[in-house]
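# Report on the structure
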Amino acid sequence: MLQSTLIGHLGADAECKNANGEEFVTFRVANTDRWTDDAGQVHESTTWVDCIINGKPKVFGYLKKGQMIYATGSVSLRVYSSAVEKCMKAGLTINVQRIELLGGKTDDVPAKLYTESEGKEVMVMKYFFAPTLQREVSDPETVVLVSKRGEKYKVDRQGWVSREKPAEG
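The subject of this paragraph is the overall build of the protein chain. Scanning the protein chain for helices and strands turns up one helix and eleven strands. Overall, the protein chain shows an N-to-C arrangement of helices and strands of β-β-β-β-β-β-β-β-α-β-β-β. The buried share of the protein chain, reckoned over its 169 residues, is 33%. Intrachain contacts of the protein chain at a sequence separation of at least 6 include 52% that bridge at least 24 residues. Carbon and sulfur atoms form 50% of the exposed surface of the protein chain, whose accessible area is close to 11,000 Å².

Shown next as structure tokens:
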């Protein structure tokens, strides 16, 4: 088995799909290398990698265009004929077994929040997980975190943190 590690930015929002009753998520990751040649000219080369995750990961809601991720998984290469360019092409696909969000412009949750009731400080990891609260959450409706600016966040039973939706009306 070939294993690969990938760090890059999502080119579009991830999509949840279903085939033969099995749920999976697909997305594309871009990695751009930049270099300057001896003449001082800057060059760029972008590699796109197709990614597939079996099931729907808890971070699915955060897999948005521009989000930087770290992913590891098994690699496969496919070769196909391009009707448009009339040539052979190759594509790299990673069957992702582990994924982490590395921050970026889509960060929706601050790294430091406070319990609404007691003002107790809670550290939130970059992938929106509060491990210190994981064991304490029995009813997700009762644990509310707030930022210094007063924005509210909720914690589910597994310790995942998300922005609380404002009440409509």
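Here the focus is the pairing of strand β1 (residues 3-10). Note: β1 against strand β5 (residues 68-82), seven bridges, orientation antiparallel. Along β5, the bridge assignment pairs Gln3 with Ser74. One ladder, built from two bridges, connects β1 with strand β3 (residues 22-36); its direction is antiparallel. By the bridge assignment for β3, Leu10 is matched with Val29.

Among the structural elements, Ser82 can be located in strand β5. Residue Ser82 is classed as buried on the basis of its relative accessible area of 11%. At a separation of 3.1 Å, a polar atom in the side chain of Ser82 contacts the main-chain amide nitrogen of Glu85. Not counting the four nearest positions on each side in its chain, Ser82 is found in contact with Cys87 and Lys89.

Below, the discussion takes up the pairing of β5. Across 14 bridges, the pairing between β5 and strand β6 (residues 87-101) is antiparallel. Bridge pairing in β6 links Tyr70 to Glu100. Counting the residues that bridge the hairpin from β5 to β6 gives four residues, and of these Lys86 lies at a positive phi of roughly 50 degrees.

A few words on unusual backbone geometry. Residues other than glycine seldom take positive phi values, yet Asn20 does so here, at roughly 55 degrees. Along the polypeptide, Asn20 turns up in the loop between β2 (15-19) and β3. One non-glycine residue, Lys86, adopts positive backbone phi at about 50 degrees.

One finds Phe27, Val29, Cys51, Leu63, Ile69, Val96 and Ile99 to be the most contacted residues of the largest nonpolar core, which totals 20 residues. At the level of secondary structure, the elements contributing two or more residues to this core comprise β1, β3, β4 (42-54), β5 and β6. Contact partners of Val29, with chain neighbours within four places excluded, come to Leu6, Gly8, His9, Leu10, Thr47, Trp48, Val49, Cys51 and Ile69. Residues Leu113, Val122, Tyr153 and Val161 belong to the second largest nonpolar core, which totals six residues.

Definitions and cut-offs
Residues numbered from 1 in each chain as written. Predicted model: local features only at pLDDT ≥ 70, side-chain atom pairs only at ≥ 80, totals over all residues. Heavy atoms only, no water. Helix = DSSP H or I, 4+ residues; strand = E, 2+ residues; numbered from the N terminus. Buried < 20%, exposed > 50% of the residue type's maximum accessible area, 1.4 Å probe, protein only. Contact = heavy atoms within 4.5 Å. Areas by Shrake-Rupley, 256 points an atom, 1.4 Å probe, with all protein chains shown as cover. Pairing = 2+ DSSP bridges. Polar contact = N/O pair within 3.5 Å; in protein donor to acceptor, adjacent residues only side chain to side chain. Core = buried A, V, L, I, M, F, W, Y, C linked by side-chain atoms within 4.5 Å.

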